[in-house]
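The primary structure of each chain is shown beneath.
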Amino acid sequence: MRRGDHFYAQALFEQEELKGYLKNTLEVQKSVYTHVVYDSGSVEKSFAEDLEKNEQVKVYAKLPPWFKVPTPLGSYNPDWAVVVEDGGEEKLYFVVETKGSIWWDDLRHLEGAKIKCGERHFEEIFRDAEESAQYIKATNVAGMMGYVE
């Protein structure tokens, strides 16, 4: 996909099928897929619905299970990749981690540790890049947009 002078590789999204049950899918317009498969009805479904409604969100993907970030504690599967327009520029929030709570103590210890590793992973990848994707944790789109403004 080309947007202005930027290219977004979708090869993996085109090669792999999206699998889910009808009861946990949402038909969408702005995603790289025609449907979003969500794990939790309360957090991820609401997040996808709010992404659809937000005019600054240009394109997004609920990252499928095969999208893995290696960590010393095992593979970690982040939740979302979102492109947001901010002041006429598109910014990539490569991973948005959505949980019902952003409090460390509320997460299972191993899960919380993997999230911390994922956060450091993206910091290192984009440390010297001119434009870097941001890794953020949010419980809703309003919280995510707080990083944009």
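Up top is the structure.
Let us look at the structure shown here. (Residues numbered from 1 in each chain as written. Predicted model: local features only at pLDDT ≥ 70, side-chain atom pairs only at ≥ 80, totals over all residues. Heavy atoms only, no water.)

In this structure the tally under the stated criterion is two aromatic pairs. Aromatic pair Phe47 and Trp80: ring centres 5.1 Å apart, planes at 40°, arrangement tilted. Here Trp80 lies in strand E6 (residues 80-86) and Phe47 lies in helix H2 (residues 44-53), a separation of 33 residues in the sequence. Judged by centre distance (6.1 Å) and plane angle (55°), the rings of Tyr60 and Trp80 are tilted. Highlighted residues: Tyr60 in strand E5 (residues 57-62) and Trp80 in strand E6, separated in sequence by 20 residues. An identical accessibility class is assigned to Tyr60 and Trp80; each is buried. (Phe/Tyr/Trp six-rings, centres within 6.5 Å; stacked < 30°, edge-to-face > 60°. Helix = DSSP H or I, 4+ residues; strand = E, 2+ residues; numbered from the N terminus. Buried < 20%, exposed > 50% of the residue type's maximum accessible area, 1.4 Å probe, protein only.)

Another aspect to go through is the environment of Val37. Structurally, Val37 can be placed in strand E4 (residues 35-37). Spatially, the C-alpha atoms of Val37 and Lys62 are 7.3 Å apart, while their sequence positions differ by 25 residues.

Working definition: two side chains of opposite charge can pair if their charged atoms are close together. In the structure shown here, the tally under the stated rule is five salt bridges. A salt bridge links Lys62 to Glu44, with the nearest nitrogen and oxygen atoms 3.7 Å apart. Highlighted residues: Lys62 in strand E5 and Glu44 in helix H2, separated in sequence by 18 residues. An identical accessibility class is assigned to Lys62 and Glu44; each is buried. The partner of Glu85 in a salt bridge is Lys58, and the shortest N-O contact between them spans 3.6 Å. Here Lys58 lies in strand E5 and Glu85 lies in strand E6, a separation of 27 residues in the sequence. (Salt bridge = Lys/Arg side-chain N within 4 Å of Asp/Glu carboxyl O.)

Right, let's talk about the environment of Lys91 for a bit. Counting through the fold element by element, Lys91 comes out in strand E7 (residues 89-98). It is 7.2 Å that separates the C-alpha atoms of Lys91 and Ala133, two residues lying 42 residues apart in sequence. Those residues within four positions of Lys91 in sequence are excluded, and the remaining contacts are Val82, Val83, Val84 and Asp86. (Contact = heavy atoms within 4.5 Å.)

With that settled, consider the environment of Val83. With respect to the element layout, Val83 can be found in strand E6. Here the alpha-carbon distance between Val83 and Tyr60, two residues 23 residues apart in the chain, equals 6.1 Å.

Three or more residues of H2 are buried, namely Glu44, Phe47, Ala48, Leu51 and Glu52. Angularly, the buried residues of H2 cover 140° about the axis, an arc narrow enough to put them on a single face. (Arc of directions from axis to C-beta.)

In this section: the nonpolar core. Core analysis: the biggest nonpolar cluster contains 19 residues, and Leu51, Val57, Tyr60, Trp80, Val82, Val84 and Met144 have the highest contact counts within it. Those elements that provide at least two residues to this core are H2, E5, E6, strand E8 (135-138) and helix H4 (141-148). The element best represented in this core is H4, accounting for four residues. Within the second largest apolar cluster, eight residues are counted, among which are Leu63, Phe67, Tyr76 and Ile115. (Core = buried A, V, L, I, M, F, W, Y, C linked by side-chain atoms within 4.5 Å.)

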